[in-house]
Every structure is written in C-alpha cells, then in structure tokens.
Amino acid sequence: MKEFEKQLLAENSTAFYTFDISILKNRVAYLKSRMPKEVSLCYAVKANTFIIKEIEGCVERLEVCSPGEEAVCKRLGVPSEKTVISGVYKTPEFIEELASDKSFNGIFTVESLTQFELLCSLSEKYNTKLRLLLRLTNGSQFGINKEDIDDIIKNREQHKNIEILGIQYFSGTQKTSVKKYKRELAKLDAFLLHLKEDLSFEAEELEYGTGFPVAYFEDEELDEEALLKGFSEAINEMQMKPMITLEIGRSIAASCGKYYTHIVDKKINKGVGYLLCDGGMHHIVYFGQHMAMRLPKMSVAGKEDMQPDKEWNICGSLCSMNDIVVKNAVLPDIEIGDTLVFENTGAYCMIECISLFLTRDIPSVYLIDESGNAVKVREKFETCNLNTPIY
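A brief report on the enclosed structure follows. (Residues numbered from 1 in each chain as written. Predicted model: local features only at pLDDT ≥ 70, side-chain atom pairs only at ≥ 80, totals over all residues. Heavy atoms only, no water.)

1. A word on the nonpolar core
Residues Tyr 43, Ile 314 and Leu 331 are the most contacted members of the largest nonpolar core, which totals 98 residues. Aside from chain neighbours lying at most four places away, what touches Leu 331 is Leu 275, Met 298, Val 300, Pro 308, Asp 309, Lys 310, Trp 312, Ile 314 and Leu 340. Grouped together as the second largest cluster of nonpolar side chains are 9 residues, Phe 4, Leu 8, Ala 301 and Val 341 included. (Core = buried A, V, L, I, M, F, W, Y, C linked by side-chain atoms within 4.5 Å. Buried < 20%, exposed > 50% of the residue type's maximum accessible area, 1.4 Å probe, protein only. Contact = heavy atoms within 4.5 Å.)

2. Quick look at unusual backbone geometry
Even without glycine at this site, Ser 200 takes up a positive phi of about 55 degrees. Following the sequence through the fold, Ser 200 ends up in the loop between helix H8 (178-199) and strand E8 (205-209). According to the relative accessible area criterion, Ser 200 is exposed, its value standing at 60%. The backbone of Tyr 348 shows a phi angle near 70 degrees, a positive value even though the residue is not glycine. (Helix = DSSP H or I, 4+ residues; strand = E, 2+ residues; numbered from the N terminus.)

3. Concerning helix H4 (residues 67-75)
Listing the buried residues of H4 in full gives Glu 69, Glu 70 and Cys 73. Projection of H4 onto a plane perpendicular to its axis shows the buried side chains occupying an angular sector of 100 degrees, all on one side. Set apart from the buried face of H4 by more than 90 degrees, the exposed residues are Lys 74 and Arg 75. On its buried face, H4 is in contact with helix H3 (52-55), strand E3 (61-64), strand E4 (83-85) and helix H5 (92-99). (Arc of directions from axis to C-beta.)

4. As for empty space enclosed by the protein
For the structure shown, the criterion picks out 1 cavity of 30 Å³ or more. Taken together, Phe 104, Asn 105, Gly 106, Phe 108, Lys 129, Leu 130 and Arg 131 form the lining of the largest cavity. (1 Å grid on protein atoms, 1.4 Å probe; cavity = no way out; pocket = protein on both sides within 12 Å on 5 of 7 lines; lining within 4 Å. Points joined across faces, edges and corners; volume = space filled by probe spheres on them.)

5. Description of the pairing of E3
On any regular strand, side chains alternate: one points to one face of the sheet, the next to the other face. Residues Arg 61 and Glu 63 of E3 are buried on one face, and the alternating residues Leu 62 and Val 64, pointing to the opposite face, are buried as well. Here strand E2 (residues 40-44) pairs with E3 via 3 bridges, running parallel. Counted as the bridge partner of Cys 42 is Arg 61 from E3. Bridge count between E3 and E4: 3 bridges; the pairing is parallel. Bridge pairing in E4 places Glu 63 opposite Val 84. Note that the unit made of E3, H4 and E4 has a crossover that is right-handed. (Pairing = 2+ DSSP bridges. Right-handed = clockwise from strand over helix to strand, strands pointing away.)

6. Regarding helix H6 (residues 113-125)
Look at H6: 18 Å from first C-alpha to last across 13 residues, which is about the 18 Å you get at 1.5 Å a residue. On its buried side, H6 packs onto H5, strand E5 (107-110), strand E6 (130-135), helix H7 (146-154) and strand E7 (162-170). Just downstream of H6 lies Asn 127, where phi reads positive at about 50 degrees. (Expected span 1.5 Å × (residues − 1).)

7. Some details on the sheet that holds strand E9 (residues 243-248)
Strand order around the closed barrel formed by 8 strands is E2-E3-E4-E5-E6-E7-E8-E9, with parallel pairing between neighbours. Looking at each pair of strands side by side, their axes are set apart by 30 degrees on average, direction ignored. Where E6 and E7 come together, 6 bridges link them in parallel fashion. Bridge pairing in E7 places Leu 132 opposite Ile 164. On the sheet, H7 packs against E6 and E7 and is oriented at approximately 150 degrees with respect to E6. The sheet contacts of H8 involve E7 and E8, and relative to E8 the element is tilted by about 155 degrees. (Axes fitted to C-alpha atoms, helices over the stretch in contact; angles between N-to-C directions.)

Here it is in structure tokens:
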C-alpha cells in the first residue's frame with residue numbers, strides 16, 4: 001500500500017475517490033505515442049471534471065457539453081480557444097452568452113439546423129466571427145444528415161461571419177473492432193472527398209470521437225497495442241488529410257482513478273454471504289456492468305497478498321435491491337472496517353451515478369500529484385441541502 005493510501009484511509013471513515021495525475025499524464029503520452037504525429041487530442045470533460053486543470057496542458061482541446069461544464073472550465077482558467085462547445089442541446093441563452101462575448105474564441109459543433117440558424121443569426125447580431133464543426137449524425141439523435149451538411153456548405157457564402165472548419169463525428173463507446181474503425185474512417189474520408197470534389201469545400205479539420213475501450217473487468221481481454229496500431233494505419237490510409245482531432249474521454253481518464261469504500265456490515269442470508277459497504281451504486285458504476293454479474297478489478301486494502309477464501313455479494317448502503325456492486329466476488333478474510341479498492345474509476349464511474357438517491361453524501365475527491373501527495377479537491381458533500389424544499 002502506498003503512503004498516500006495509508007494517509008487517506010486513516011483520515012477518511014467514509015468512501016472517497018482518488019485520481020492519480022502521474023497515471024493520467026502517462027496515459028495521454030502513451031496514446032499520443034501510438035498515433036500519427038499530426039493527430040491531436042481533445043479531452044471530453046464529461047468523463048471527469050476534476051482533472052481538467054491537470055490535463056489541460058497535455059491535450060490540444062477540451063470538449064464541453066453543457067453550460068455547467070463550461071462554467072467549470074472558466075473557473076479553472078481554461079482558455080476559450082482550447083474549448084469545443086458540443087452537446088446535443090445547447091440552450092439558446094448559453095449559445096448567445098458565448099457568441100456575444102468578444103473574448104470567446106472557442107468552436108461550436110452544430111447539432112441541428114435550428115442550432116445552425118441561431119448561430120448564423122447571432123454572428124450577424126453581434127458582428128462576430130463564429131467557428132463551427134458540422135456534426136455528422138451516426139443515425140442517432142446526435143448531429144445532422146449528410147444532405148443537410150451539403151446544403152450548409154453550398155450556401156456558406158451567405159454567412160460572412162460563419163467559418164466552417166470541418167466535420168465532427170462520433171459513433172459510440174467501448175469499440176474494440178479495428179474493422180469498424182476502418183469502415184468509419186473510410187466513410188468519413190469519402191464524405192470529405194465528396195465535399196472537396198463536388199462542393200469545392202476542403203475541410204480543415206475532422207474531429208472524431210473514437211470511443212476507445214477500457215477493460216474494466218477481470219474477464220475482459222483487450223489487445224490495445226493492436227487496436228491502436230490498426231486505428232493509426234486507417235488514419236494513414238485516408239486520401240484526405242485534414243487536421244484530425246480525436247475526442248476521447250473514457251480511454252484517457254479511466255486508469256487514473258480509484259474508489260475506496262468501507263465494509264460496514266457482513267451477514268449470511270439463506271447461505272449467501274453479503275458485505276455491506278458505505279458506498280454503492282450512487283458512487284460507482286462501470287460501463288457494461290450487467291447487474292453486477294462481472295468482476296471489476298478490485299482489491300482489499302492491506303490484504304492484497306492474502307489468498308481469497310470466501311465468496312461474497314458486495315452491496316451498497318441504499319435501500320434498493322438494485323444496489324449490488326459485485327456478485328460472487330471471492331475475497332480474502334474480510335472484517336467490518338476493511339476497505340475495498342476499485343480500480344479504473346477515473347471516468348464516468350462517479351459522474352453517471354444516482355448521487356441524490358436517498359439523500360446520501362457525495363464522497364470526497366483527492367488528486368494525487370506527481371510527487372505522490374494527496375490534495376483534497378472536493379469535500380464530502382451532504383445532499384440534504386439539495387433535497388430539502390424551500391418554502
């Protein structure tokens with residue numbers, strides 16, 4: 001056990017998160033080393049807002065998907081020129097607030113024709129240049145059709161304050177198939193070629209949401225080296241050579257995080273062993289967890305070298321039969337007061353949880369700096385203030 005873990009376990013009697021900045025920066029460096037040199041990275045801040053300040057200097061851009069995320073970036077001093085304002089619904093008020101700000105120099109993605117019309121109108125109203133990426137739909141609620149993009153490109157000269165940089169595209173998450181990446185990039189390449197040859201528009205940029213996978217569970221096999229090699233080859237095979245920005249969240253942030261939760265009770269009900277912890281599904285959720293039937297990478301703090309000897313269902317502190325974190329986990333000798341440590345919790349695990357359910361506390365958050373020191377960046381938060389009506 002590392003010194004900072006001993007310190008934090010001594011200081012905290014309830015659940016908490018840690019995000020290790022050295023692991024985070026090494027992860028970004030690894031991903032960059034596996035990509036063609038001309039490829040840049042955009043961090044999707046929705047994956048984890050607590051690491052924005054530390055990662056800002058390591059990536060070329062940050063993707064912002066809500067007014068709240070933009071406010072966080074602003075408070076942390078992120079230059080607007082490093083931000084892409086994305087998200088399926090940008091409120092008109094939010095768009096106007098940014099468009100009217102002469103100091104704002106970020107990029108907007110266009111999610112609908114309604115959004116495009118509003119951006120055009122605001123660019124004229126405030127006589128300001130707005131830079132756009134047209135989001136190509138993947139067949140879901142996100143983005144717009146190819147035909148709509150064609151129409152916008154054909155009529156681009158009508159909007160003197162609108163600068164269309166290129167295309168943005170995202171098709172999903174946890175993708176493990178090199179063939180699928182190659183098919184998608186080939187289709188995008190063909191579309192960019194069509195824009196050039198048929199509409200005399202050469203896109204400066206393609207922002208591509210990779211959906212690179214993370215291996216969360218013990219039974220998962222992921223040959224990441226082969227995946228990234230195949231992905232890079234697909235980029236190099238493209239005929240069109242726009243600036244390519246890879247929008248990544250999960251794959252950047254997951255490995256830097258750990259979640260610590262304490263065993264507060266244990267029991268045997270009808271022959272089944274149950275461990276109750278002070279956390280639960282309101283603190284942690286893994287993509288693909290499938291009702292807790294898969295075993296995430298985890299350990300018992302201080303008992304990592306002990307032999308597992310008993311099977312347990314690990315349950316949270318909510319009054320819900322759904323609050324099962326792991327089923328049939330074989331663990332070493334467990335006592336009340338022991339701490340379970342869950343790995344790969346740096347992305348989404350805490351953000352996607354039902355934090356306000358049953359008015360339980362939201363855990364503290366610590367960053368582990370590059371010297372191995374723990375810095376608290378969020379105090380434990382009592383949700384009773386949020387769940388109490390005001391008369």
